[in-house]
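Understanding the architecture of this molecule
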Amino acid sequence: MKLKQLVMKRYATKEFDGKVIPQDKVNELFELIRMAPTSFNIQPWKVKVVTDKMTKEKLFPVSWNQKQITTCSHLLVFCADNDILGLVDKLEKEMIAAGASPESIKGYVQMMRDFAKGLTPDQALVWAQKQVYIALENAMLGATALGFDSCPMEGFNSAEYHKILKLPKNLVASVLCPIGYAADKPLPKLRFKKEDLFF
Ligand SMILES: Cc1cc2nc3c(=O)[nH]c(=O)nc-3n(C[C@H](O)[C@H](O)[C@H](O)COP(=O)(O)O)c2cc1C
């Protein structure tokens, strides 16, 4: 499918039919998400994958009782990772493992460290969350390309998700992307006019 068709076809599915997506397709989607670009290539996010019925049922009431949570195949919980300094260390190791000489990346790594040290915890979280949304777009368009459906969702209580999913301290559940096969139909697209958006 051409990109234009994917963009026009994707829609925010309100209810799925409960059918499970084959794991090889899910793995293909994970690969598309993994390739999302991030600032400095710092990759400040992780995705918690929820498939079991009991956990979905626990999450349902803290997700504004939205049916996508209990009817989806896989619930992808996109978490921002606010341990930016830890990620700089990790990226430095990976770059060296990939063949970069420590000397050649010294300046770049120092620049990232200085940037990370200059962020307040709130700023670090906002910055990480911006990167999360780029990965989210890959997830949504990727799902359409692979023949299933998705819904971006901010209607949930992040603190409750943290408790129910026992997330580590550095992760903040930021946006959801349930995936599965739609049991509803898309509404016509309603968007502001071109001239209202581009100037
Ligand atoms: C960041 C974000 C959060 C959203 N949160 C929800 C949500 O909690 N529940 C829901 O049903 N739709 C949610 N939506 C879907 C939007 O309502 C939908 O994308 C918009 O109305 C345009 O419709 P379309 O995606 O079907 O073209 C969200 C969309 C985005 C991008």
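Computed from a predicted structure; not experimentally measured.

1. Things to note about the pattern of salt bridges
- In the structure shown here, the tally under the stated rule is seven salt bridges.
- Put simply, Arg-113 and Glu-92 hold a salt bridge, and the shortest N to O gap is 2.8 Å. Here Glu-92 lies in helix α5 (residues 84-97) and Arg-113 lies in helix α6 (residues 102-117), a separation of 21 residues in the sequence.
- Judged by its relative accessible area of 18%, Arg-113 falls in the buried class.
- The shortest N-O distance in the salt bridge between Glu-160 and Lys-163 comes to 3.3 Å.

2. Some thoughts on a nonpolar patch on the surface
- Among the surface-exposed residues, Leu-3, Val-7 and Met-8 lie close enough to one another that they form a single nonpolar patch of about 300 Å² accessible area.
- As for its placement among the helices and strands, Met-8 is situated in helix α1 (residues 3-9).
- In this structure Met-8 comes out as exposed when scored by relative accessible area, which is 53%.

3. Quick look at the side chain of His-74
- Locating His-74 in the fold gives a position in strand β2 (residues 74-81).
- In terms of polar contacts, His-74 uses its side chain to reach the side chain of Ser-73, at 2.7 Å.
- With residues near it in sequence (within four places) discarded, His-74 still touches Val-20, Ile-21, Gln-23, Val-26, Val-49, Val-50, Thr-51, Cys-177, Pro-178 and Ile-179.

4. What about helix α2 (residues 23-34)?
- Over its 12 residues, α2 extends 16 Å from the first C-alpha to the last, a length consistent with the 16 Å expected when each residue adds 1.5 Å.
- Three or more residues of α2 are buried, namely Val-26, Leu-29 and Ile-33. Axial view of α2: buried residues confined to an arc of 55°, hence all on one face.
- Turning to α2, the residues buried within the fold contact β1 (45-50), β2, α7 (121-146) and β4 (171-180).

5. Quick notes on the site of the ligand
- The immediate surroundings of the ligand are formed by 14 residues, with Arg-10, Lys-14, Gln-66, Lys-189 and Arg-191 found nearest.
- In the model, an oxygen atom of the ligand is placed 2.8 Å from a nitrogen or oxygen of the Arg-10 side chain.
- In this structure, an oxygen atom belonging to the ligand sits 2.7 Å away from a side-chain N or O atom of Lys-14.
- Alone, the ligand offers 620 Å² of accessible surface; in the complex the protein occludes 65% of this.
- Grouping the amino acids of the shell around the ligand by side-chain chemistry returns six nonpolar, three polar and five charged.

6. Remarks on the packing of α5 against α6
- Two elements in contact, α5 and α6, have axes separated by 10 Å at closest approach and are oriented at 170°. When the axes of α5 and α6 are compared, the pair comes out roughly antiparallel. Packed against α5, whose contacting residues are Ile-84, Leu-85, Val-88, Asp-89, Leu-91, Glu-92, Met-95 and Ile-96, the element α6 presents Pro-102, Ile-105, Tyr-108, Val-109, Met-112, Arg-113, Ala-116 and Lys-117 at the interface.
- Class assignment of the residues belonging to the contact of α5 with α6 gives a composition of 12 nonpolar, no polar and four charged.

The rules behind each value
Residues numbered from 1 in each chain as written. Predicted model: local features only at pLDDT ≥ 70, side-chain atom pairs only at ≥ 80, totals over all residues. Heavy atoms only, no water. Salt bridge = Lys/Arg side-chain N within 4 Å of Asp/Glu carboxyl O. Helix = DSSP H or I, 4+ residues; strand = E, 2+ residues; numbered from the N terminus. Buried < 20%, exposed > 50% of the residue type's maximum accessible area, 1.4 Å probe, protein only. Patch = residues over 30% accessible without salt bridge, like charges linked within 9 Å, V, L, I, M, F, W, Y side chains within 5 Å. Areas by Shrake-Rupley, 256 points an atom, 1.4 Å probe, with all protein chains shown as cover. Polar contact = N/O pair within 3.5 Å; in protein donor to acceptor, adjacent residues only side chain to side chain. Contact = heavy atoms within 4.5 Å. Expected span 1.5 Å × (residues − 1). Arc of directions from axis to C-beta. Near = heavy atom within 4 Å. Nonpolar A, V, L, I, M, F, W, Y, C, P; charged D, E, K, R; others polar. Axes fitted to C-alpha atoms, helices over the stretch in contact; angles between N-to-C directions. Parallel < 35°, antiparallel > 145°, perpendicular 65-115°, else oblique.

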